[in-house]
2 protein chains.
Amino acid sequence: MHLDIRDIYKDVKKYMGQEVILQGWIRNHRKQKEFGFISFYDGTYFSNVQLVYDNKLKDFEQIQKLHIGSAITVTGVLVESPKSEQEFEIQVKDIILEGDCPEDYPIQPKQHSREFLREVAYLRPRTNLFQAVFRVRSVAAKAIHDYFQDRGYVYFHAPLITSSDCEGAGEMFQVTTLDLDRIAKSGKVDYSKDFFAKKASLTVSGQLEAETFALAYKKVYTFGPTFRAENSNTKTHANEFWMIEPEMAFCDLDGDMNVMEDMLKYIVKYVLENCKSEIEFFDKFVENGLIEKLTKLANSKFTRITHEEVITILKNADKKWEFEPNYGEDIAKEHEKYITEYFDGPVFITDWPKDIKAFYMKQNPDGKTVAAVDLEVPGAGELMGGSQREEDYQKLIARMKELNMSVEGMEWYLNLRKFGGCTHSGFGMGFERLLIYLTGVENIRDVIPYPRTPGNCDF
Amino acid sequence: MHLDIRDIYKDVKKYMGQEVILQGWIRNHRKQKEFGFISFYDGTYFSNVQLVYDNKLKDFEQIQKLHIGSAITVTGVLVESPKSEQEFEIQVKDIILEGDCPEDYPIQPKQHSREFLREVAYLRPRTNLFQAVFRVRSVAAKAIHDYFQDRGYVYFHAPLITSSDCEGAGEMFQVTTLDLDRIAKSGKVDYSKDFFAKKASLTVSGQLEAETFALAYKKVYTFGPTFRAENSNTKTHANEFWMIEPEMAFCDLDGDMNVMEDMLKYIVKYVLENCKSEIEFFDKFVENGLIEKLTKLANSKFTRITHEEVITILKNADKKWEFEPNYGEDIAKEHEKYITEYFDGPVFITDWPKDIKAFYMKQNPDGKTVAAVDLEVPGAGELMGGSQREEDYQKLIARMKELNMSVEGMEWYLNLRKFGGCTHSGFGMGFERLLIYLTGVENIRDVIPYPRTPGNCDF
């Protein structure tokens, strides 16, 4: 019977004593005179399976020559393992070599540096570490879809190519079919000849478009790629990344925080339950205490506190700051860390100074702050950011003018405030930030299959 | 108790006689002297809810003035409806106006042309038709994730910005941070100064990268945006669209077809079950016979036949063709239609002439054809295409050279054949093609929230 390793682990007893056929790859191969042991995986389950063969097999000598990395088809019987650390092993009856692997194969059963593995990114999911990382990526994505769909949210595909700039922040990639060499030759740029007959870019956020759908479906979420042409070479920046942007009509900032908290706890619990082996591996080899950290988060109460109150706490702290905390200003990483330690748990910081936040956020009656929120999580820093949206047409236009933003081309967004507008809120979560938190892997390049960073666009 | 309309429809009996609070929008408003009827929706369920109010309410006169499109909060009691076509109605106690809507609101309770609605794409999900279309889009996406994840596939996020060209087909959008005006002035293009220090584009397919993950996880799928800078203004072409690209190791062309058939039937059944009201609406107003078409597909046997056999059938047909069918050549739309009618159901056409198919497809022993497959579906034409991949390193290189393709930069892809390679197969399905089939809506511009087509990049 053809099986995936995953099938067996679901019900080991059922298959005990049965003949099974498995297809996968050799991770390690230990040879003795009369026996051999192959550490075998097929990618459907984190744990390897041990294949045991002996010299009674007529192909014993050929099997002993099998290389690490080779693809094989194994027929064998599931038997109890004499070793306590594994539930079962496979007594081999037959092995067919499907695809050989030369001895200079870059992935050997030893510790490779993550830098080296980035260079062979197309092979790294075959290692234990990355096998675990990218399965968690997949399972966490499923958790997100389940969470929202089970609660009646509509999954909205925001456009990627856009002619508007959500954050007004610049740093966008241009998308064009103009021939650059021809521009160089002719000495002129004619956007009327470009594919969309105007300048177009890759989106930095699907939020503005998501708002249009929230005012039709009440509750929507995006989950798709976004892009920033930011020239930062840090562990937490990539230029192409995936974002989740839920948006809810008839929902204020408190309601927004309820969703943020509930969603995060759901995802964490889901991954703890559905990636048990992977999370245990990370806990052991990547971040000691990971399971405790995640379990604690899933059961913690999230504090809600204003930016102003945070500054007061920071100012009263018996601490020498690298950056002095100030009312009306942004806070630094050291402050974020202090605050989550102070409350011993996740903290929602609300009501931020309007000048350091985006134009679309709801202006508070004090004239100085906006109904924005950042979620600070112990060991992760800022994990999500959200806000109630300005629903007043006049206030929104006034704010855009203050910021020298052009209203042209944004009429559709502004009109949402004219045509049956209502209190609405949303937030954004960078999917890779979440994955860094869930796996303990620190570098964003190691949680994206093929990361794009300045100067790097391989594969 | 605050409820979504969706909650009520899940269990009408439970809420009968209860006071509920609903928030949503006015779709229509009929006023009589002593009564009023508001057709109300909140986007969480396809059917409207009827709000009934009378002149015993102290706000009767204000309520009578409420405009179509306005956002409101309603408090009322769920009562049985005297009309047989609705299960219940709401006897209003109180209505609060959350957001007014002027009388020149573009969406009125009448038939709008789809062309007009494309111009106000940000409002069209508020209409019955598009409310249904984009919910089906969301639910079908969930069906796809459920299908693959429940079967142990890993969801793989392919990179969007790429320096390789999967199909060797050109027609890609260029992605750049070079200043075009400066290029015009300086008269030269220097890609070493571009963001990725080389020429980069938007991907046309994630398949090649998906193959690298299939050889680590056995079974993977992509579900993400892809781009073609094709200058076609047809009903079935958009320049930004979503694709599903599953890829399976240890899987041949027959196994590939098994997944294609099983997945499609699963999605169709899932949507029939979970979008009952929407599909009934499409059946009634968009495509008569839609439910029958979908039900038939879900229960049909898919024929498997070679391209050569298809040509023979076409040649023997008692029909005057616009395009004469020929061995070794592609087939036309009229042929696709004839073949699905001939077999009265979906048809897998396999073993295509290699010269009209992509370089990576497995070369058959005849030297003329490749192990490729197209799925032809009645009423949809070609819905998916797939192939077994060439796993022989030498044959793959030889084919690339024959096609004048550069091997440079593709070593990683070729190496998959060296390092534990194995039989593997996959396919691609355009998500919008599927949606056109599921909804009966004919134009791809009407199943994408914000479609991008030549000259169009609004919102």
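Here, residues in each chain are numbered from 1, in the same order as that chain's written sequence. Naming scheme: in the order in which they are written, chains are lettered from A and ligands are numbered from 1. Only residues with pLDDT of at least 70 get local features here, since the model is predicted, and only at 80 or more are side-chain atom pairs given and counted; chain-wide, interface and lining totals rely on the full set of residues. Each side-chain value is derived from all of the structure's non-hydrogen atoms; neither hydrogens nor water enter the calculation.

What to know about the sheet that holds strand 2 (residues 35-41) of chain A
All names here are of chain A. In short, DSSP must find at least two bridges between two strands for them to pair. Helix and strand assignments follow DSSP, with helices taken as H or I runs no shorter than four residues and strands as E runs no shorter than two, numbered in order from the N terminus. Sheet architecture is closed into a barrel: five strands sit in the order 1-2-3-5-4, paired in mixed fashion. Each strand axis lies, on average, 55 degrees off the axis of its neighbour in the sheet, ignoring direction. In this structure, strand 4 (residues 71-80) lies alongside strand 5 (residues 88-99), joined through 10 bridges in antiparallel fashion. Counted as the bridge partner of valine 77 is glutamine 91 from strand 5. An axis is simply a line fitted to the C-alpha atoms; with a helix, the fit covers only the stretch in contact. Between two such axes, the angle follows the N-to-C directions and lies from 0 to 180 degrees.

Structural notes on the sheet that holds strand 14 (residues 369-377) of chain A
All names here are of chain A. Taken in spatial order, the eight strands of this open sheet run 6-10-11-16-15-14-13-12, and their pairing is mixed. Each of the sheet's edge strands pairs with one partner strand only, and the pair in question is strand 6 (154-155) and strand 12 (303-306). Bridge count for strand 10 (residues 219-227) against strand 11 (residues 240-249) is nine bridges, and the pairing is antiparallel. Each residue of the ladder has a partner; that of phenylalanine 227, found in strand 11, is glutamate 240. What makes two residues a contact is simply this: any of their non-hydrogen atoms within 4.5 Å. On top of the sheet, helix 5 (residues 128-150) reaches strand 6, strand 10, strand 11 and strand 16 (424-430); it is set at about 150 degrees to strand 10, its chief contact.

Focus: the relation of the copies chain B and chain A
When the copies are superposed, the least-squares fit draws on C-alpha atoms of residues that have pLDDT of at least 70 in both. Once chain B has been moved 0.0 Å along the axis and rotated by 180 degrees, it coincides with chain A to within an RMSD of 0.0 Å. On the angle and the small slide along the axis, the relation comes out as a two-fold axis. Interface overlap between copies is the fraction of interface residues in one copy that are interface residues in the other; for chain B against chain A it reaches 100%, indicating a shared surface.

Some remarks on the interface of chain B and chain A
On the chain A side, the residues contacting the 113 residues of chain B number 114 residues. As used here, buried area is the combined drop in accessible area, with a 1.4 Å probe, of two parts when they are placed together. Taken together, both faces of the contact between chain B and chain A bury some 8,900 Å²; the carbon and sulfur share is 63%. Salt bridge criterion: a side-chain nitrogen from Lys or Arg within 4 Å of a carboxyl oxygen from Asp or Glu. Applying the counting rule to chain B against chain A returns 10 salt bridges. In protein, a polar contact requires one atom able to donate a hydrogen and another able to accept it; more generally it is a pair of N or O atoms within 3.5 Å, and residues adjacent in sequence count only if both atoms are side-chain atoms. At the junction of chain B and chain A, the tally comes to 49 residue pairs in polar contact (both at pLDDT 80 or more). The element that contributes the greatest number of residues to the side of chain B that touches chain A is helix 5 (residues 128-150) of chain B, accounting for 14 residues. Residue polarity follows a fixed list, in which Ala, Val, Leu, Ile, Met, Phe, Trp, Tyr, Cys and Pro are nonpolar, Asp, Glu, Lys and Arg are charged, and the others, Gly among them, are polar. Residues that form the side of chain B that touches chain A fall into these classes: 61 nonpolar, 29 polar and 23 charged.

What to know about the side chain of A:Thr44
Residues and elements named next belong to chain A. Tracing the backbone through its elements, the reader meets threonine 44 in the loop between strand 2 and strand 3 (49-54). When accessible area is computed with a 1.4 Å probe and restricted to protein chains, residues below 20% of their type maximum are described as buried, those above 50% as exposed, and intermediate ones as partly exposed. Threonine 44 gets classed as buried once you look at its relative accessible area, which sits at 4%. At a separation of 3.3 Å, a polar atom in the side chain of threonine 44 contacts the main-chain amide nitrogen of isoleucine 5. Within the structure, threonine 44 has its side chain in polar contact with the side chain of aspartate 42 (distance 2.7 Å).

What about unusual backbone geometry?
Backbone geometry at A:Lys218 places phi at a positive 70 degrees, although glycine is not the residue there. Checked against the element boundaries, A:Lys218 lands in the loop between helix 7 (207-217) and strand 10. Even without a glycine there, the phi angle at B:Asp351 is positive, about 55 degrees. Here B:Asp351 lies in strand 13 (residues 347-353).

Some points on the confidence of the model for chain A
Averaged over every residue, the pLDDT of chain A is 96; the share at 70 or more is 99%. Scoring of the predicted complex yields 0.97 for pTM and 0.97 for ipTM. The pLDDT score gives, residue by residue, the confidence of the prediction method on a 0 to 100 scale.

Some remarks on the pattern of salt bridges
Applying the stated criterion across every chain yields a total of 55 salt bridges over all chains. Notably, a salt bridge pairs B:Glu391 with B:Lys362, separated by 3.7 Å at the nearest N-O pair. Of this pair, B:Glu391 sits in the loop between strand 15 (381-388) and helix 13 (393-402) while B:Lys362 is found in the loop between strand 13 and strand 14 (369-377), placing the two residues 29 residues apart along the sequence. Take B:Glu391: its relative accessible area is 24%, and that puts it in the partly exposed class. Overlapping salt bridges bring together A:Asp4, A:Asp42, B:Lys218 and B:Lys219 as one network.

Quick word on the environment of B:Ala317
As for its position among the elements, B:Ala317 is in the loop between helix 11 (307-316) and helix 12 (333-342). The class of B:Ala317 is buried, set by a relative accessible area of 11%.

Some details on the packing of aromatic side chains
Each Phe, Tyr or Trp ring (for Trp, its six-membered ring) is paired with any other whose centre lies within 6.5 Å, and the angle between the two planes then decides the class: stacked below 30 degrees, edge-to-face above 60, tilted in between. Taken as a whole and judged by the stated rule, the model has 73 aromatic pairs over all chains. With a centroid separation of 6.5 Å and 85 degrees between ring planes, the pair formed by A:Tyr155 and B:Trp242 is classed as edge-to-face. In this pair, A:Tyr155 is assigned in strand 6 and B:Trp242 in strand 11 (residues 240-249), connecting two distinct chains. Here A:Tyr155 and B:Trp242 have matching classes, each one buried. Note on A:Phe195 and A:Phe196: the rings are 5.0 Å apart at their centroids and 75 degrees apart in plane angle, and the pair reads as edge-to-face. When its relative accessible area of 2% is taken as the criterion, A:Phe196 is described as buried. Cation placement over rings: the criterion is NZ of Lys or CZ of Arg within 6 Å of the ring centroid and within 35° of the ring normal. One cation-aromatic arrangement involves A:Arg417 over A:Tyr413; the distance from NZ or CZ to the ring centre is 4.3 Å. Directly above the aromatic system of B:Phe130 lies the positively charged group of B:Arg124, at a separation of 4.7 Å from the ring centroid.

Points about the side chain of A:Asp446
All names here are of chain A. On the secondary structure map, aspartate 446 appears in the segment after helix 15 (431-439). Look at aspartate 446 and you get buried, because its relative accessible area is 0%. Here arginine 118 takes part through its side chain, which lies 2.9 Å from a polar atom of the side chain of aspartate 446. If sequence neighbours within four positions are ignored, aspartate 446 has contacts with Arg114, Arg118, Arg124, Phe130, Val133, Phe134 and Val441.

As for the packing of helix 8 (residues 253-274) of chain B against helix 10 (residues 290-298) of chain B
Pairs of packed helices are described in terms of their axes, by the angle between the two and the distance that separates them. Residues and elements named next belong to chain B. Their axes nearest at 9 Å, the elements helix 8 and helix 10 cross at an angle of 140 degrees. By the angle class used here, helix 8 and helix 10 are oblique. Every pair of crossing elements has a handedness; the one defined by helix 8 and helix 10 is left-handed. Contact with helix 8, carried on its side by Leu264, Lys265, Val268, Lys269 and Leu272, involves Leu294, Thr295, Leu297 and Ala298 of helix 10 and no other residues of that element. Broken down by class, the residue content of the contact of helix 8 with helix 10 amounts to six nonpolar, one polar and two charged. For classification purposes, an angle smaller than 35 degrees is called roughly parallel, one larger than 145 roughly antiparallel, one from 65 to 115 roughly perpendicular, and anything else oblique. Here is the rule for handedness: rotate from the far helix to the near one, and if that takes an anticlockwise turn smaller than a right angle the crossing is left-handed, while a clockwise turn gives right-handed.

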